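Residue-level listing of the chains:
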Number of protein chains: 2
Amino acid sequence: MQLTDLHGSLRDPLLDTMNFLNEVTARFPDAISFAPGRPYDEPFDTEVIAGYLDAFVKHRGLSRDEAGALLFQYGRTKGHIHDLVAATVANDEGITATPESVVVTVGAQEGMLLAVRALIRDPDDALLVASPCYVGITGVARLLDVAVTPVPEGPAGIDAGAVRAAAARTRTAGRRPRALYLVPDFANPSGTSMPHAAREELLAVAAEEDLYLLEDNPYGLFTRSGDRPPTLKALDRHRRVVYLGSFAKTCFPGARVGYVLADQLVVGPDGSTSLLADQLSKIKSMTTVNTSPLAQAVIGGMLVTYGCRLRSANAERVQRYRERLDTLLGALARHFPPGSGVTWNVPAGGYFLVLSVPFAAGEAALTRCAREHGVLWTPMSYFYVDGGGERQIRLSCSYLTPEQISLGVARLADFIRSVG
Amino acid sequence: MQLTDLHGSLRDPLLDTMNFLNEVTARFPDAISFAPGRPYDEPFDTEVIAGYLDAFVKHRGLSRDEAGALLFQYGRTKGHIHDLVAATVANDEGITATPESVVVTVGAQEGMLLAVRALIRDPDDALLVASPCYVGITGVARLLDVAVTPVPEGPAGIDAGAVRAAAARTRTAGRRPRALYLVPDFANPSGTSMPHAAREELLAVAAEEDLYLLEDNPYGLFTRSGDRPPTLKALDRHRRVVYLGSFAKTCFPGARVGYVLADQLVVGPDGSTSLLADQLSKIKSMTTVNTSPLAQAVIGGMLVTYGCRLRSANAERVQRYRERLDTLLGALARHFPPGSGVTWNVPAGGYFLVLSVPFAAGEAALTRCAREHGVLWTPMSYFYVDGGGERQIRLSCSYLTPEQISLGVARLADFIRSVG
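Residues numbered from 1 in each chain as written. Chains lettered and ligands numbered in written order. Predicted model: local features only at pLDDT ≥ 70, side-chain atom pairs only at ≥ 80, totals over all residues. Heavy atoms only, no water.

- As annotated in an unreviewed UniProt entry, chain A carries the name GntR family transcriptional regulator and comes from Phytohabitans aurantiacus.

The following block contains the structure:
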């Protein structure tokens, strides 16, 4: 069979990117890897899993037979821990969401697939995306043959003016701007965050332009210092925000449990109403049927164990990520003094920052850096749909110890000197 | 927001069907339900899960840290139990598949999504489906705006002539017939099975017509008596078959772990080659990133515990399903003598059979039957993309005890008499 006979997405380098991010660390096991946006490893005991399952079963008051029927079987398409998810976002983010507006998904990635499939009616609709952008969302758009309009981020993330301009550009091209995907807090890949006022302005623009906002918030708890503005969803008075949630960073990735909050009312041709969550559920029934009830119960057990408060449950992780980001910023300052030609941004939290370098930082440079200097990173060009970031790299500090970070930056400095 | 502003699939009754099948039992908890195609419930102990996880970790020889990095983290997109899957299909079905041709998926449903997305290049391609057909595949086609051509099943399933005719019809309509989805063994919903000779003929037609066969085999181990012909994949000399596997019926549904075997060679424009499995993996990276490594480890633990032989591990279940199908057939014969106007087929295994009844068996009849007679079933019309099955119902016996089956058929007979 010829590759040209398969769906066009498979010839788009974009679809290689996720596997790159997902697997590059395994390809260079001895390198210090600033590449993956994954949490640090934690040791595994089967008793921990059994303990969470027990906590969940006890919390629900399930008999052995009832637990079997819930955890071993097929189940409710929208999930069975929706009430715990709603309680958690209320406690941690002040978001008011009814359990019925929650769809439990196979990670936030499936949430993106469901949201984009539902909201994009036909080829005349377009998806706006922050640029640079997480490849998960542009990949979904590519799979579904959805047109994408990039909205350039500034140093403080997305601003209302840029969204208005992108919407106008989309309309001029004959398409309806339908939704905007963004990470307002400690964005992947850029590390930028939106100030409170900019969030209010964005919500106003969304209402004006009839745009839905797909707010992805995997890193929001991991502040580097003090407070953080409220999420868009917490400020959402006109139900413009579809909130994409993840437990990958606050519980663990291996459960593949995330969620969508979609409390928008959908009015049918006969006047009947449903929640957007129910429409997403219909799509989900055809993508994965339901999220593993067993995996949901493990996450559910973690949530009840922590009183549905992941902010306090993650206090130690918050501290560790803070230390890692501080270590990274400190090491960069030591190795790249003013005038070195290397600059970076200073994120207020999260996993990532962007380094600007004086050379083309593509896959060739990356491979040489990995082989000869034992350091991995991600070319920023991977995160642009229409060019950009050619002399920038994304550094992720989440997966490394402070010692590895210091050593990694030293090696990176050697590599950059060798190029220059 | 208006429903008419969302993707067209959401106005198609097809997308309500899976949620119906998935959730109807919960809506009428006291009814005897011949509706869901799910295994019977088994009791749950957290120690069972911990035991399988231990078995897996021990089999792999993983340290506590290594186990944490594998089970708690993101992982290989194609999955981490691919070797065990390959060993199992070799042992149980005589299928030769390299581990690299395996993609572990979130149930067979995600496998369908990946296969259809990869194989259907553009709107000029069409998917052929057995008719009547499992809604999971037609639902995927609807989500992706893929044209579908039904291939009518006969009493012995799909035959080569019907496929040739459907392919010709598709070409006449200006489309390329690209793949055919079917369940050769104990089909859902019809219960039909293809004889050995028909399988060889179908493989020959697939080669002639340049069609790929999506063979879905969730029920194949559950024979009612004696032997069963080899799967299409076991007979596949020209790599025409993409095999969709499920552990939902042979292990348990709540893990949501299935797989695709896709050993086709894909040749790129530059002459480089890859496996179709690798192309599916690229798509999977944008649908669910990877299948829960934790859920995979539970299934992996079951596989190693049973020596990668699910046929023998399921001996008791095979016996139980056999008894259920026999009970159903016996009860039908008692309640519907010749001349009653009610007829049915006699499947050689699996979960399902089709009852032909002398009235319109749609949702109104179903609701009345559930409310007034306490019995649930599935209208066969749900399984036709272009009309059909209006006076037929699907009975599934998998979820019920023999006593419930006998009582359920008696109630169903009451209902049918009340209609007639």
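## Here's the deal with the pattern of salt bridges
- In total, this model carries 58 salt bridges over all chains according to the counting rule given.
- Of the charged contacts in the structure, one is a salt bridge between Asp 145 of chain A and Arg 117 of chain B, with a shortest N-O distance of 3.8 Å. Highlighted residues: Asp 145 of chain A in the loop between helix H6 (135-143) and strand S4 (147-152) and Arg 117 of chain B in helix H5 (residues 107-119), drawn from two different chains.
- Across the salt bridge formed by Arg 176 of chain A and Asp 5 of chain B, the nearest N and O atoms sit 3.2 Å from each other. Within this pair, whereas Arg 176 of chain A is found in strand S5 (residues 176-182), its partner Asp 5 of chain B is found in the segment before helix H1 (14-27), the two belonging to separate chains.
- Salt bridges here are not isolated pairs; linked through shared partners, they connect Asp 5 of chain A together with Arg 121, Asp 122, Asp 125 and Arg 176 of chain B. (Salt bridge = Lys/Arg side-chain N within 4 Å of Asp/Glu carboxyl O. Helix = DSSP H or I, 4+ residues; strand = E, 2+ residues; numbered from the N terminus.)

## So, the interface of chain A and chain B
- Counting from both sides, the interface comprises 92 residues of chain A and, opposite them, 92 residues of chain B.
- Approximately 8100 Å² of surface area, both sides summed, lies buried where chain A meets chain B, with 60% of it carried by carbon and sulfur atoms.
- If you sort the residues of chain A by the area they bury against chain B, Met 1, Phe 72 and Met 286 of chain A come out on top, with a joint share of 12%.
- For the pair chain A and chain B, the interface holds ten salt bridges.
- At the junction of chain A and chain B, the tally comes to 46 residue pairs in polar contact (both at pLDDT 80 or more).
- Broken down by element, the residue count for the side of chain A that touches chain B peaks at eight residues, all from helix H9 (residues 276-287) of chain A.
- Its residues placed into classes, the side of chain A that touches chain B shows 46 nonpolar, 26 polar and 20 charged. (Contact = heavy atoms within 4.5 Å. Buried area = accessible area lost by both parts, 1.4 Å probe. Polar contact = N/O pair within 3.5 Å; in protein donor to acceptor, adjacent residues only side chain to side chain. Nonpolar A, V, L, I, M, F, W, Y, C, P; charged D, E, K, R; others polar.)

## Notes on the relation of the copies chain A and chain B
- Mapping chain A onto chain B calls for a screw motion: a turn of 180° about the axis and a shift of 0.0 Å along it, with 0.0 Å RMSD after fitting. Given the turn and translation reported, the copies of this chain are related as if by a two-fold rotation axis. Scanning chain A for the C-alpha nearest the rotation axis identifies Ala 50 of chain A, at a separation of 3.0 Å.
- Both copies share a contact surface, since 100% of the interface residues of chain A are interface residues in chain B too. (Least-squares fit on C-alpha atoms with pLDDT ≥ 70 in both.)

## Re the packing of aromatic side chains
Residues and elements named next belong to chain A.
- Counting across every chain of the model gives 24 aromatic pairs over all chains.
- Aromatic side chains Phe 247 and Tyr 259 sit 5.2 Å apart centroid to centroid with 45° between the ring planes, which places their arrangement in the tilted category. Residue Phe 247 is located in the loop between strand S7 (241-246) and strand S8 (258-261), and its partner Tyr 259 is located in strand S8; the two are separated by twelve residues in the primary sequence.
- Classification of Tyr 259 as buried rests on a relative accessible area of 7%. (Phe/Tyr/Trp six-rings, centres within 6.5 Å; stacked < 30°, edge-to-face > 60°. Buried < 20%, exposed > 50% of the residue type's maximum accessible area, 1.4 Å probe, protein only.)

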